[in-house]
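Structure at a glance
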Amino acid sequence: PGRCPETEQVEERMRKFKWYAPAMAAVLVLAACGNGDDPGDGGGDQADGDGTISVTSLWGGAEGDAFQAVLDAFQESSGITAEYESVRDDYAGVLSTRLAGGEPPDVAIMPGIGFMRSFAQDGALISLEDLGIDPASIEDRFAPGILDIGTVDGTLYAPMVKLNSKGTVWYHPSDFEERGLEVPATFDDMVALQDAYDGPAWACGCADTWNLTDWFEMIYLRMNGSEQYMSLFTGETPFTDESVTAAIDEMTRILNEESLVGGVNGALGTAFVDAIEQTFGADNEAWLFYEGGFVGGIATGQVNPDLAIGEDIGFFDFPTMADGNAGITIGGDVIAAFVNDSDVAAFMEYMVSPEAGQVWAEQGTIVSPIIGVDSSVYPNELATQEAEQVANAEAAVFDGSDLLPAGSPDLGALLQGALSNPDGVGAALEDFQVGVEQAFADAEG
């Protein structure tokens, strides 16, 4: 896969909002494939299943439990057992290693669109058509443009099965009421919230680098708009552009020694779920936390079940920046098959059904991309509010670091360095840009 000469925007509507996706028609020549159910078989006769499939994703904790409910519903309806494994670290590397060893999972759910495309380029994935699923038969279940995210060289390999808004800032509504604080209308107002507290107000799971990329991406979008955002993450605008440095500077107005629980070093040593614990645990140290809509399910289902929604926990929309851009970033996961047998085909068909979307949405950890899933099925006001935020967003863009091609350097690691060594940002961005250019060149080659 690779970047087209010009950034192509797919502007489509999902209810009341626009999706912005990069050009998905990459220049690929897929290798000829073998027969049977060998990993990487993109064609040939479909093998009979044995009643069990293996499925991997990144999710653990409350998110993993929510997905298990979907797998249980699939088993009840089909009689096929889906054995789930959570791979929390170096997911792309683990999948690559297993594939090279001839033992990939039957099905993988992937957040990294770049490495999904790489697997497709290598002929490792089974297309929906080769699984016996006509892509045209499911098109009307998704907003236009959604299925393009998992399409490579005109072939659909990986439909999107979950998404979350990343335009959500988490807080304690009752605390705001007690302190006489208002939900911030602008980013400057949000920065000023720190002044209402005697000590640090913010937690950050900065040890997990993706937590920092989400901060950067949301700020960059609000500062620069959708077109410039896509230009950056599809390789047209270099990371040495002054707009990148400006966004990092804005990010550090909150992520700094004074605002963060434990200071910068403490935040850099804090994992994502631990930061939620710092904010919404029984003895919380922080009062504010930025991350996606999935925080609500983790906080109430895993960290502190005693939280009262609307009092102890809530979220407000990430506030606007100076120029008023009101788009949001979203994260999403696509599902793809490495093995072609009848059980895998049945599972893939189930996962793109409104039935599966409803079971998952009922757990409260995701927003379903399937149009047939009504907002009324979400289990609480947090999940419903998130679904409505996505539906009514002025624009939505996909997670930028997940758009970068496989082999790109770690943007989150660069941002960790920006917190601990601000003077080194310029040199780090130059090195990062060299790595990104090489990754795009490799993808195009």
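What counts as what
- Residues numbered from 1 in each chain as written.
- Predicted model: local features only at pLDDT ≥ 70, side-chain atom pairs only at ≥ 80, totals over all residues.
- Heavy atoms only, no water.
- Disulfide = S-S within 2.5 Å.
- Buried < 20%, exposed > 50% of the residue type's maximum accessible area, 1.4 Å probe, protein only.
- 1 Å grid on protein atoms, 1.4 Å probe; cavity = no way out; pocket = protein on both sides within 12 Å on 5 of 7 lines; lining within 4 Å.
- Points joined across faces, edges and corners; volume = space filled by probe spheres on them.
- Helix = DSSP H or I, 4+ residues; strand = E, 2+ residues; numbered from the N terminus.
- Nonpolar A, V, L, I, M, F, W, Y, C, P; charged D, E, K, R; others polar.
- Core = buried A, V, L, I, M, F, W, Y, C linked by side-chain atoms within 4.5 Å.
- Contact = heavy atoms within 4.5 Å.
- pLDDT = per-residue confidence, 0-100.

Quick notes on the state of the cysteines
As enumerated under the stated definition, the model contains one disulfide in all. The disulfide partner of Cys204 is Cys206, and the gap between their sulfur atoms is 2.2 Å. The sign of the S-S torsion, about 115°, decides the handedness of the disulfide formed by Cys204 and Cys206: right-handed. Exposure remark for Cys204: the relative accessible area of 3% places this residue in the buried category. Look at Cys206 and you get buried, because its relative accessible area is 0%.

Thoughts on the layout of surface pockets
One number sums up the size of the largest pocket: a volume of about 1400 Å³. Surrounding the largest pocket, 48 residues form its lining, Leu58, Pro111, Thr209, Trp210 and Asp402 being those nearest its centre. Top element by residues in the lining of the largest pocket is helix H6 (residues 209-233). It accounts for four residues. Looking at the lining of the second largest pocket residue by residue, the class counts come to seven nonpolar, four polar and two charged.

Here's the deal with the nonpolar core
Core analysis: the biggest nonpolar cluster contains 125 residues, and Trp215 and Phe216 have the highest contact counts within it. In terms of residue count, H6 provides more of this core than any other element does, 11 residues in total. For Phe216, the residues in contact, after removing those within four places along its chain, are Leu232, Phe233, Val244, Ala247, Ile248, Met251, Leu411 and Leu415. In terms of nonpolar packing, the next biggest core, distinct from the first, is built from 18 residues, Ala203, Ala286, Val295 and Ile313 among them.

Digging into the confidence of the model for the protein
Summary statistics for the protein give a mean pLDDT of 88 and a share of 90% for residues scoring 70 or more. Note that residues 1-43 has pLDDT below 50 and, in this model, 126 contacts with residues that lie over four places away or in other chains.

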